Amino acid sequence: MACVLETPLRMSVLSEVTASSRHYVDRLFDPDPQKVLQGVIDMKNAVIGNNKQKANLIVLGAVPRLLYLLQQETSSTELRTECAVVLGSLAMGTENNVKSLLDCHIIPALLQGLLSPELKFIEACLRCLRTIFTSPVTPEELLYTDATVIPHLMALLSRSRYTQEYICQIFSHCCKGPDHQTILFNHGAVQNIAHLLSSTSYKVRMQALKCFSVLAFENPQVSMTLVNVLVDGELLPQIFVKMLQRDKPIEMQLTSAKCLTYMCRAGAIQTDDNCVVLKTLPSLVRMCSKERLLEERVEGAETLAYLIETDVELQRIASITDHLIAMLSDYFKYPSSVSAITDIKRSKGQQHCTCMSISLDHDLKHAHELRQAAFKLYASLGANDEDIRKKIIETENMMDRIVNGLSESSIKVRLSAVRCLHSLSRSVQQLRTSFQDHAVWKPLMKVLQNAPDEVLVVASSTLCNLLLEFSPSKEPILESGAIELLCSLTQSENLALRVNGIWALMNMAFQAELKIKADILQGLSTEQLFQLLSDSDVNVLMKTLGLLRNLLSTRPHIDQIMSTHGKQIMQAVTLILEGEHNIEVKEQTLCILTNIADGTTAKELIMTNDDILQKIKYYMSHSNAKLQLAAMFCISNLIWNEEEGSQERQDKLRDIGIVDILHKLSQSSDSNLCDKAKTALQQYLA
């Protein structure tokens, strides 16, 4: 019976709420301005903390009317201010509320309000703008649409501590990438915000600090400027270091550590500077301890990972600071599946309800973020040093955690797990032991089957390492259909994937069996091979030439491959030698010719190609010694007198002037060229 009564009861409550909301909206249209003002004030009090009331008022059309009143010059300043306050309160509801406000073009109306001379109204408009711009559904570009907005906001910074707090918060949320950084920098953001770091208001100091962190991120121009800025006689880096002190709020310590980290990574502060080694790095390690809140541990680990990512010495220092490697293992002690968290909560006697569902999402989010941060930091720590990698892998259940991370539901966790695996895969010892013991190639191949490009790039880089000739994983990877997968990567529009695809094939072809080489050539196709050799990126070209060189190794393989693909390969070689390429590319191409010349039957493809012979002759007299030497290696293989037909080849090469060049080179001041020329000439004398 209770269920039958429940529905009418809910409808009754809903109709009461709707009627009450309608009453608030109707009062906005009263002809008496005082009654309108009182109606807005009552509406303000009614919506505080009441999302249902906010949603009802939006549906009933309160927003367009509030915006109309806000923009009317005939409205009193008090009314316009109260309208801005109510709109700000509506924006503090759900994301759908913010979307509705954006659809009503609230941002241009509020920005127009900033032109008012009335400070209280300006502050209310800024507070509302702050709430809207900090919502994830608001496009940051809306702040930059009108070129007059940023300079006006800069001018408003001096009006009050509230304008300072709100404007800095708007800037820090809307500065996404180099274009935004440049706009803010060019309009004097550094100079206008720097003095706010000495404000008496903690909120102002904090928002100014956040501004500097987003301005400095990956931006050498801003970072170099910040290093030399003085505030009350102190340089900014010194101020940031003071904000790192333990007696400061954690939020301030973390954000100042970010500022110093970003300035260091941008090259404005040296990695061996005391403010980095003795202040920033230890502070970030401290943020990773279990005494800190989960959010702080995540932020601390991610910032530290970025700080040490490219510096070997910082990686070593971090690895021995406060037992960091062991400390990070605690990041994995939070369950990462809904069922595991639910079981824990039930065992603690928590009832399953909407609150528990929200709590589950929150716990799951933290579990994922902790894993992601730990994997990232492990990846940075193990990027270069073999001893550090060993310590990481010896951490309890580490390889199992990585393997599990590769199949996590969160894409960010999967990406950071792959990054960690990639970092550890640089170890020859680990490739031969831990990687084999845990068969990491299996989940890695699974990741490669279906993943976004950012994951594919790191996963394919890792696969390159697992395909090195000393890796025990190479054979099972081959058997799992890797060739087809890698050949498909070489056709990607993503440059990094093309490079990794061809790089992995190059590693696969090194000292491989003839069948594997034939499968690679078949999988690539001649058309794709020429496409790669015509690629505008030199890395793709070099790795493709490296692949050809590895395919054309060992005499029987050279003869077999050249008998089936000789014409196309010789065309490719001609294409490169005639093109506008750098020395390294030309040298690699001449090395391919050297390998072909080492074949028993394959060398005839060179000897019967006058164009190629003239090119070899040309490079023997080139101004670059590397190219001269590479060309001479090719000649040596062609004239080696212990092989059948050497006399005929020697005669032909003498006729085109090769011997004359060898005599000249035998007098070279370059000892390598001189020795190689003399060795070649001895073949004619033998």
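Residues numbered from 1 in each chain as written. Predicted model: local features only at pLDDT ≥ 70, side-chain atom pairs only at ≥ 80, totals over all residues. Heavy atoms only, no water.

1. What about the overall build of the chain?
Helix and strand content of the chain: 43 helices and 2 strands. Radius of gyration (C-alpha) of the chain: 34 Å, far over the 26 Å computed for a compact globule of 686 residues. Considering only C-alpha atoms, the chain reaches an extent of 115 × 65 × 50 Å along its principal axes. Out of the 686 residues belonging to the chain, those deemed buried represent 53%. Sequence-distant contacts, at least 24 apart, represent 67% of the contacts inside the chain between residues at least 6 apart. Carbon and sulfur atoms make up 51% of the accessible area of the chain, which amounts to about 31,600 Å² in all. Separation between the mean location of the 67 positive side-chain charges and that of the 77 negative ones in the chain comes to 5 Å. (Helix = DSSP H or I, 4+ residues; strand = E, 2+ residues; numbered from the N terminus. Rg over C-alpha atoms; globule rule 2.2 N^0.38 Å. Buried < 20%, exposed > 50% of the residue type's maximum accessible area, 1.4 Å probe, protein only. Contact = heavy atoms within 4.5 Å. Areas by Shrake-Rupley, 256 points an atom, 1.4 Å probe, with all protein chains shown as cover. Lys, Arg positive; Asp, Glu negative; His and termini not counted. Charge placed at Lys NZ, Arg CZ, Asp CG, Glu CD.)

2. Quick word on the environment of Ile 520
Here Ile 520 lies in helix α33 (residues 514-524). Among the residues examined, Ile 520 registers a relative accessible area of 0% and is labelled buried. With 14 residues separating them along the chain, Ile 520 and Met 506 place their C-alpha atoms 9.5 Å apart. Among all residues touching Ile 520, those that are not within four sequence positions of it are Ile 483, Cys 487, Leu 505, Met 508, Ala 509 and Leu 547.

3. Observations regarding the confidence of the model for the chain
Should the pLDDT be low somewhere, the predicted coordinates at that spot are not to be read in detail. When the pLDDT values of the chain are averaged, the result is 91; 93% of them are 70 or greater. Here residues 1-15 is a poorly scored stretch, pLDDT under 50, and it has 0 contacts once near neighbours within four places are set aside; other chains count. With pLDDT under 50 throughout, residues 341-358 is counted as low confidence; its partners more than four residues away or in other chains account for 13 contacts. (pLDDT = per-residue confidence, 0-100.)

4. Details of helix α23 (residues 386-394)
Those residues of α23 that fall on the buried side of the exposure criterion are Ile 388, Arg 389, Ile 392 and Ile 393. Taken end-on, α23 shows its buried residues confined to a sector of 135 degrees, consistent with a single buried face. The exposed set on the far side of α23, more than 90 degrees from its buried face, consists of Asp 387 and Glu 394. Taking the backbone nitrogen of Asp 387 as reference, a side-chain oxygen 2.8 Å away marks Asp 385 as the first, capping residue of α23. (Arc of directions from axis to C-beta. Polar contact = N/O pair within 3.5 Å; in protein donor to acceptor, adjacent residues only side chain to side chain.)

5. A closer look at the nonpolar core
Proteins that are soluble and globular tend to have nonpolar side chains buried together. With 234 residues, the main nonpolar core has Phe 212, Leu 381, Leu 593 and Ile 606 as its most contacted residues. The residues touching Leu 381, leaving out its near neighbours within four places in the chain, are Ile 308, Gln 315, Ala 318, Ser 319, Leu 324, Ile 325, Leu 328, Ile 388 and Ile 392. (Core = buried A, V, L, I, M, F, W, Y, C linked by side-chain atoms within 4.5 Å.)

6. Describing unusual backbone geometry
With a phi angle near 55 degrees, Asn 397 is a residue other than glycine that sits in the positive phi range. Within the secondary structure layout, Asn 397 lies in the loop between α23 and α24 (398-405). Residue classification places Asn 397 among the partly exposed positions, given a relative accessible area of 42%. One non-glycine residue with positive phi stands out, namely Gln 511, at about 55 degrees. Relative to the helices and strands, Gln 511 resides in the loop between α32 (495-509) and α33. Classification of Gln 511 by relative accessible area gives exposed; the value is 61%.

7. Here we look at the packing of aromatic side chains
What the rule picks out here adds up to 7 aromatic pairs. With a centroid separation of 4.8 Å and 70 degrees between ring planes, the pair formed by Phe 217 and Tyr 262 is classed as edge-to-face. Placement of the pair is Phe 217 in the loop between α13 (202-216) and α14 (220-227) and Tyr 262 in helix α16 (residues 250-265), with a sequence separation of 45 residues. Note on Tyr 262: relative accessible area 12%, which makes it buried. Relative to Phe 375, the ring of Phe 332 has its centre 5.1 Å away and its plane inclined at 65 degrees; by these criteria the two rings are edge-to-face. Taken as a pair, Phe 332 in the loop between α20 (324-327) and α21 (338-347) and Phe 375 in helix α22 (residues 354-381) lie far apart in primary sequence, 43 residues in all. Every member of this aromatic cluster is reached through a ring pair, and the members are Phe 217, Tyr 262 and Tyr 306. The lysine or arginine in question, Arg 265, covers the ring of Tyr 306, its NZ or CZ lying 4.3 Å from the ring centre. Looking at Lys 543, its charged tip hangs above the ring of Trp 503, at a distance of 4.3 Å from the centre. (Phe/Tyr/Trp six-rings, centres within 6.5 Å; stacked < 30°, edge-to-face > 60°. Lys NZ or Arg CZ within 6 Å of the ring centre and 35° of its normal.)

8. A word on the pattern of salt bridges
Tallied over the full model, the rule gives 29 salt bridges. Measuring nitrogen to oxygen at the nearest pair gives 3.0 Å for the salt bridge that ties Glu 82 to Lys 44. Here Glu 82, found in helix α5 (residues 77-91), pairs with Lys 44, found in helix α2 (residues 33-47); they are 38 residues apart in sequence, far enough to count as distant. Put simply, Lys 210 and Glu 251 hold a salt bridge, and the shortest N to O gap is 3.0 Å. Here Lys 210, found in helix α13, pairs with Glu 251, found in helix α16; they are 41 residues apart in sequence, far enough to count as distant. Taken together, the shared-partner salt bridges connect Arg 555, Asp 598, Lys 603 and Glu 643 into one network. (Salt bridge = Lys/Arg side-chain N within 4 Å of Asp/Glu carboxyl O.)

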